[in-house]
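Residues per chain, in single letters:
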Amino acid sequence: MGRRYLVTGGAGFVGSHTVAALLDRGDAVVVLDDLSTGHRAAVPDGARLVVGALEDAAGVDALLSEGPWDAVLHFAALSLVGESMQAPYRYLATNLDNGVRLIAACVRHDVRRFVLSSTAALFGAGSDAPIDEEAAIDPGSPYGESKAMLERALLWAERVHGLRSASLRYFNAAGADPAGRLGEDHAPETHLIPLVIDAALGRRPELAVFGDDYPTPDGTCVRDYVHVSDLADAHLRALARLDQGSVRYNLGNGRGHSVLQVIEAVGRLCGRPVPHRIAPRRAGDPPMLVAASGRIMRETGWQPRFADLDGIVGTALAWREAHPHGYRTPPA
Ligand code: UDP
């Protein structure tokens, strides 16, 4: 029998690209998504979409009882650093309640492998040096805290019940499916690369740069942008590695780019300058987050195909140009 996966949040950005990667290699996928931020049209053909909320414990239980599952991949969560500073308890309660309930349900249904979408926001204090898996967990936001707590919950699920897990700490997911099937569409959009592209394309008046007085080379925040299809590939490799035990991997390209460098790259690729202005800092943003991803490279052979910013921005630009309204149908 072929492999079969349950993917929560498979209608979202990283989730949908991972579903596509699983389908591309011939696996069967069921997506559980409440479509609160994900899109029906982002669920790749070939996956079965169950529209449902993680809060619906009976519904999740019923779905899990359709096993056996080779693994559960858990993407569905609130995921914005800035928003979590405005609504800390909503972030902590939602991500933790849903995550812990799902982990417990997996144990009850004898699921043996679990993959958690985790985040660089675990390392909220930031660091000038690339951050490896030995770095101290010190979240700078309730969002990061909620994922740190779920990683801890998974440690207990393994210790008590033997559930193996991969915690994958994405640095800044960006780009779009190189085949043009999928892209990034948040409403409202808060992520830097799509916003800079929209400013360059004249779809928004300007980009607000959140702070230029950080202790970084040009004063704007530095992030490690990693292509969403490279992240999808990392999930497949981490799943295979679970046969040898649980893992936690930091996932990035190992190179940082400042907000101003992103603006420069997008302007160059679009052939026009990006209108922007300096705005106040956004609460919760660490100055610098760059990954040291040597561990997943050594242990699984993962190698990002999109190692430079231009390749990442290029695929995002192509999808945004082709889909001015994202996954939504344009207004009549
Ligand atoms: N950023 C910005 N203006 C925006 C959106 C983001 O200056 O309109 C900055 C933000 O402060 C951060 C970086 O761009 O330093 C990446 O932010 P994003 O929200 O894309 O990802 P995060 O790092 O929060 O996961």
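Going by the structure above, here's the rest.
Rules used in this analysis
Residues numbered from 1 in each chain as written. Predicted model: local features only at pLDDT ≥ 70, side-chain atom pairs only at ≥ 80, totals over all residues. Heavy atoms only, no water. Helix = DSSP H or I, 4+ residues; strand = E, 2+ residues; numbered from the N terminus. Buried < 20%, exposed > 50% of the residue type's maximum accessible area, 1.4 Å probe, protein only. Contact = heavy atoms within 4.5 Å. Areas by Shrake-Rupley, 256 points an atom, 1.4 Å probe, with all protein chains shown as cover. Lys, Arg positive; Asp, Glu negative; His and termini not counted. Charge placed at Lys NZ, Arg CZ, Asp CG, Glu CD. Expected span 1.5 Å × (residues − 1). Arc of directions from axis to C-beta. Core = buried A, V, L, I, M, F, W, Y, C linked by side-chain atoms within 4.5 Å. Near = heavy atom within 4 Å. Polar contact = N/O pair within 3.5 Å; in protein donor to acceptor, adjacent residues only side chain to side chain. Pairing = 2+ DSSP bridges. Axes fitted to C-alpha atoms, helices over the stretch in contact; angles between N-to-C directions. Salt bridge = Lys/Arg side-chain N within 4 Å of Asp/Glu carboxyl O.

Chemist: Before we go on, may I ask you to explain the overall build of the chain in this structure?
Modeler: Along the chain, the regular secondary structure elements total 10 helices and 14 strands. Considered along the principal axes of its C-alpha atoms, the chain spans approximately 55 × 50 × 40 Å. Here the chain holds 332 residues, and 52% of them are scored as buried. Excluding contacts between residues fewer than 6 apart, the proportion of contacts in the chain whose partners are at least 24 apart in sequence is 78%. For the chain, the exposed surface amounts to about 14,100 Å²; the carbon and sulfur share of it is 52%. Across the chain, the 33 positively charged side chains and the 40 negatively charged ones have centroids separated by 3 Å.

Chemist: Hey, could you run me through helix H4 (residues 88–108) in this one?
Modeler: In an α-helix, one full turn covers 3.6 residues, which means residues spaced three or four apart are oriented alike. If you check H4, its first and last C-alpha atoms are 30 Å apart, about what 21 residues at 1.5 Å a residue would give, namely 30 Å. Turning to H4, its buried residues number three or more, namely Tyr91, Asn95, Asn98, Gly99, Leu102, Ile103, Ala105 and Cys106. For H4, the buried positions fall inside an angular range of 165 degrees around the axis, keeping them on one side. Looking at H4, the residues exposed on the side facing more than 90 degrees away from the buried face are Tyr89 and Arg108. Elements in contact with the buried residues of H4: strand E1 (4–8), helix H2 (57–64), strand E4 (71–74), helix H3 (81–86), strand E5 (113–119) and helix H5 (142–161).

Chemist: In this structure, what is going on with the nonpolar core? I would like to understand it.
Modeler: The nonpolar side chains of soluble globular proteins are, as a tendency, buried together. If you look at the biggest cluster of nonpolar residues, it comprises 34 residues, and the most contacted ones within it are Val7, Leu22, Val29, Leu73, Leu168, Leu239 and Leu251. For this core, the elements supplying multiple residues, two or more each, are E1, helix H1 (13–24), strand E2 (28–33), E4, strand E6 (164–170), helix H7 (228–241) and strand E11 (247–251). Top element by residues in this core is H7. It accounts for seven residues. When sequence neighbours within four positions are dropped, the list of residues in contact with leucine 73 reads Tyr5, Leu6, Val7, Thr8, Thr18, Leu22, Val115, His235 and Leu239. Judged by nonpolar contacts, the second largest core, of 27 residues, contains Cys221, Val259, Val274 and Leu309.

Chemist: Hey, could you run me through the site of the ligand in this one?
Modeler: Lining the immediate surroundings of the ligand are 15 residues, of which Leu192, Ala208, Phe210, Arg282 and Asp285 lie closest. A distance of 2.7 Å separates a nitrogen atom of the ligand from a polar backbone atom of alanine 208. At 2.9 Å, a backbone N or O of phenylalanine 210 approaches an oxygen atom of the ligand. Here the ligand loses 89% of its free accessible area of 520 Å² to cover by the protein chains.

Chemist: Whenever I open this one, the sheet that holds E4 confuses me. Can you help?
Modeler: Adjacent strands of a sheet pair through backbone hydrogen bonds, lying either parallel or antiparallel. Strand order in the open sheet made by the seven strands is E3-E2-E1-E4-E5-E6-E11, with parallel pairing throughout. Lying at the two open borders of the sheet, with one neighbouring strand each, are strand E3 (48–51) and E11. The sheet shows a mean angle of 20 degrees between the axes of neighbouring strands, taken without regard to direction. Relative to E6, E5 runs parallel, the two being bridged by seven bridges. Pairing of arginine 113 across the sheet is with arginine 164, part of E6. Together, E1, E4 and E5 form the strand contacts of H4, whose direction differs from that of E4 by roughly 175 degrees.

Chemist: Would you mind going over the pattern of salt bridges with me for this structure?
Modeler: Side chains that differ in sign of charge can pair as their charged atoms come close. The full count for this structure, using the stated rule, is 23 salt bridges. Close ionic contact of arginine 181 with aspartate 24 constitutes a salt bridge, the shortest N to O distance being 3.1 Å. Placement of the pair is arginine 181 in the loop between strand E7 (172–174) and helix H6 (192–200) and aspartate 24 in helix H1, with a sequence separation of 157 residues. On the accessibility criterion, aspartate 24 (55% relative accessible area) is exposed. For arginine 320, the salt bridge goes to aspartate 198, with nearest N and O atoms at 2.7 Å. Within this pair, whereas arginine 320 is found in helix H10 (residues 309–322), its partner aspartate 198 is found in helix H6, the two being separated by 122 residues in sequence. A single burial state applies to arginine 320 and to aspartate 198, both of which are buried. Here the residues in one salt-bridge network are Arg3, Arg25 and Asp27, joined through shared partners.

Bear in mind that shape data such as this cannot, by itself, settle questions of function.
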